[in-house]
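What the coordinates show
Chain by chain, the residues run as shown.
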Amino acid sequence: GQTNLKSPQDVQVYVVNTNFTLSWNYTGNDTDVTFSAEYRFEDFDGNVTEWKELPGCRNVTHMECDFSSAITKYYETHHVRVRAERREKVSPWSSIFEMIPYFIAQIGPPGVELQSTNGVIKIKVSPPEANQVRKMWIAHLRFKYNLVIWENSSNAEVRSQAIFPNHIIDDLAPDTTYCLKVQATLPLDLQEGLFSPVHCVKTTRKAVDDLFCATNVSVLALNMEFHLHWNNLYKQLVTYNVQYLIGYLKKLHDDYSTKWLNVPGCENITDTQCNFSSIIATTSGFYYLRVQAMSEYNKSCLSNEVKVDPLITNEIGPPGVKVDISDVLLHIQISPPGGSECEVMRDHYDLSYRVLYWKNSSNNEEEIKMKEIKQTIGTVSDLTPLTLYCVKVQAFSKVYNKSSHYSKEECIKTPGDKVLPLIILATFVAALIVVLFVATPLVFALYQAYNKIKYVLFPSCQPPLNIEGFGGQLLSSPYLSAAEEPIENCSIIETIITEEVNQIDFKEYKHSKQSSRDSGNYSNDDDTSGSKSSEEMLEKQIV
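Residues numbered from 1 in each chain as written. Predicted model: local features only at pLDDT ≥ 70, side-chain atom pairs only at ≥ 80, totals over all residues. Heavy atoms only, no water.

Per an unreviewed UniProt entry, the protein carries the name INAR1 protein and comes from Herpetotheres cachinnans.

Rendered as structure tokens:
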């Protein structure tokens, strides 16, 4: 049944929420042409169904059709094709358009309701598909809303801001008409929706009897200690209740006006400040605070709300610093801001420390040196002896782009140089060793010389008294003492032997013995008598 009818071109599917529209182009010149479409889908297992007639797209005369009722599986792959028809004639099928509905769907416009009261505009936003049974976007709490607002006048400034489903805009001029529109987005899916229709509303004037309201409400937070401050312009007695709301309640589309709670310790107070650290139970969420003022006539007034995101609102205080010195190092001990017991400061901010140190001298041109460390213990080397060093430390967090003030200066003086005393001691020891090596041989030589001299000049034994000189004269020495003891002259009586031969031999021996005796030293008469007995015995042997 195919003829020369042309196939439709540029087949497209537009999806807004769960509304599906199929469109195409037709370039043929034929009249009375209608169009029909078919579809099929493929499940997660790869099973493909047969082609079916696409409901709402049968024998249509326009080049688009709505087939929202046919699609119920938004995460499966669908195929769509279109052909032209004229009576019994049909064109070839168009190229197949493939889609996964969820990935091509657009977020529809949210619903918007406005109320102008007491100088502010209250906005209530409904999520897309709020009144639909079938929904493309199941988790409506994931929606974020952008507001675009401007004065309804020529050359008006347009401003944008993020808002909650129930939001109050309070920084508006009185008796002025403002126009606005709202857009829903899914940031995690990188999807932006369509804007709502434009709504306009006129503001009113704020009531005069609200002058006793707390003004200039602000938060001061240091090292996870949170304080709320405000001003009181009313001259009469006013009491205050500080209230807080857990932040996630504002993300809900329900009314949260009854969910506000009083801060413990900040009820019915007359002071204009309050410590609300006790309500900060977690650092991952955020909170809203406001001040309810009660006049003496039991009238109440609510201040503007302030948002508290603990880790962003909080400021980092200066760390604690202690310094100590060793022989060659300056030791720096750092206490994290808030003290070592403040785990939030230590764990969530991923703190680093910037250490400044310098020589505290009269020279103002001394260079200030800096080093960055992650640990709470640091050291500085290359110190100059007998010098006063000063240190101050700053804590900072790169993750939150926050830094503290510098700590108080801590100074300490380095000890004296110990190198010179060591050199002196080493020199003394070396000199002592050299003296020992040189003096020992010298003392030994002097000792030997002393012994020699003593032996010669002062002998321990006296010379024998019977020392005789040659020719019957006594042996004299210039080294001997002048006082000499008298020495006896002894003569040897020799036995005359009649035998001539023996006498001659004995005379020769006697002459030799006499010479030997003259050269000997004898000390007493006993020696002389001993020699005489020896000679007598020798003579007997010869005989």
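Here's the deal with the pattern of salt bridges
Taken as a whole, this structure holds 11 salt bridges when the rule is applied. Note that Arg 142 and Asp 189 form a salt bridge whose closest N and O atoms lie 2.9 Å from each other. Residue Arg 142 is located in the loop between strand S11 (120-126) and strand S12 (144-151), and its partner Asp 189 is located in the loop between strand S15 (177-186) and strand S16 (191-195); the two are separated by 47 residues in the primary sequence. We classify Arg 142 as partly exposed; its relative accessible area is 33%. Judged by its relative accessible area of 30%, Asp 189 falls in the partly exposed class. Notably, a salt bridge pairs Arg 159 with Asp 171, separated by 3.2 Å at the nearest N-O pair. Highlighted residues: Arg 159 in strand S13 (residues 159-163) and Asp 171 in the loop between strand S14 (166-169) and S15, separated in sequence by 12 residues. Overlapping salt bridges, with partners in common, bring together Glu 53, Arg 58, Arg 83 and Glu 85 in one network. (Salt bridge = Lys/Arg side-chain N within 4 Å of Asp/Glu carboxyl O. Helix = DSSP H or I, 4+ residues; strand = E, 2+ residues; numbered from the N terminus. Buried < 20%, exposed > 50% of the residue type's maximum accessible area, 1.4 Å probe, protein only.)

Brief notes about the packing of aromatic side chains
Summed over the entire model, instances satisfying the criterion amount to 14 aromatic pairs. A ring pair is formed by Phe 164 and Phe 286, whose centres lie 6.4 Å apart and whose planes are at 20°; its orientation type is stacked. On the criterion of sequence distance, the pair formed by Phe 164 in the loop between S13 and S14 and Phe 286 in the loop between strand S22 (273-275) and strand S23 (287-295) is long-range, its members being 122 residues apart. We note that Phe 164, like Phe 286, is buried. On the basis of an interplanar angle of 40° and a centroid distance of 5.8 Å, the ring pair of Phe 226 and Phe 276 is categorised as tilted. Of this pair, Phe 226 sits in strand S19 (residues 225-231) while Phe 276 sits in the loop between S22 and S23, placing them 50 residues apart in sequence. In terms of burial, Phe 226 and Phe 276 fall into one category: buried. (Phe/Tyr/Trp six-rings, centres within 6.5 Å; stacked < 30°, edge-to-face > 60°.)

Let's talk about the sheet that holds S14
Backbone hydrogen bonds are what pair the strands of a sheet, in a parallel or an antiparallel way. The three strands lie next to each other as S10-S11-S14, forming an open sheet whose pairing is antiparallel. Where the open sheet ends on each side, the last strands, each with one partner, are strand S10 (111-117) and S14. On average, each strand axis in the sheet is tilted by 20° relative to the strand beside it, whichever way the strands run. (Pairing = 2+ DSSP bridges. Axes fitted to C-alpha atoms, helices over the stretch in contact; angles between N-to-C directions.)

A short note on the confidence of the model for the protein
On average, residues of the protein score 81 in pLDDT, and 81% of them reach the 70 mark or higher. Here residues 491-535 scores under 50 on pLDDT; set against residues more than four positions off or in separate chains, the count is 35 contacts. Residue range residues 537-543 is modelled with pLDDT below 50. Its contacts to residues more than four positions away, or to other chains, number five contacts. (pLDDT = per-residue confidence, 0-100. Contact = heavy atoms within 4.5 Å.)

Re unusual backbone geometry
At Asn 216, a residue that is not glycine, the phi angle is positive and equals roughly 50°. Checked against the element boundaries, Asn 216 lands in strand S18 (residues 215-222). Even without a glycine there, the phi angle at Asn 268 is positive, about 55°. On the secondary structure map, Asn 268 appears in the loop between strand S21 (261-262) and S22.

Thoughts on the side chain of Lys 250
Here Lys 250 lies in the loop between strand S20 (238-246) and S21. Not counting chain neighbours up to four residues away, the residues in contact with Lys 250 comprise Phe 164, Pro 165, Leu 245, Tyr 256, Tyr 288 and Glu 305.

Notes on the nonpolar core
Soluble globular proteins tend to pack their nonpolar side chains together in the buried interior. In terms of nonpolar packing, the biggest core is built from 49 residues, with Leu 228, Trp 230, Val 263, Phe 276, Leu 289 and Ile 332 touching the most fellow members. Inspection of this core shows a minimum of three residues originating in each of domain 3 (215-313) and domain 4 (320-413). Setting aside chain neighbours within four positions, we find Leu 289 in contact with Leu 228, Val 242, Gln 243, Tyr 244, Trp 260, Val 263, Phe 276, Ile 279, Asn 304, Glu 305, Val 306 and Val 308. Grouped together as the second largest cluster of nonpolar side chains are 48 residues, Leu 54, Val 125, Leu 147 and Leu 180 included. (Core = buried A, V, L, I, M, F, W, Y, C linked by side-chain atoms within 4.5 Å. Domains from an automatic or database assignment.)

Quick word on the pairing of S10
Pairing geometry for S10 and S11, over seven bridges, is antiparallel. Paired with Thr 117 across the bridge in S11 is Val 120. Connecting S10 to the next strand, S11, in antiparallel fashion are two residues, including Asn 118 with a positive phi near 50°.

Quick notes on the sheet that holds strand S5 (residues 64-66)
An order of S5-S2-S1-S9 is seen for the four strands of this open sheet, with the pairing classed as mixed. Edge positions in the sheet fall to S5 and strand S9 (105-106), since each of these pairs with one other strand and no more. Strand direction decides the pairing type here: strand S1 (residues 9-16) and S9, joined by two bridges, are parallel. Counterpart to Val 15 in the pairing with S9 is Ala 105.

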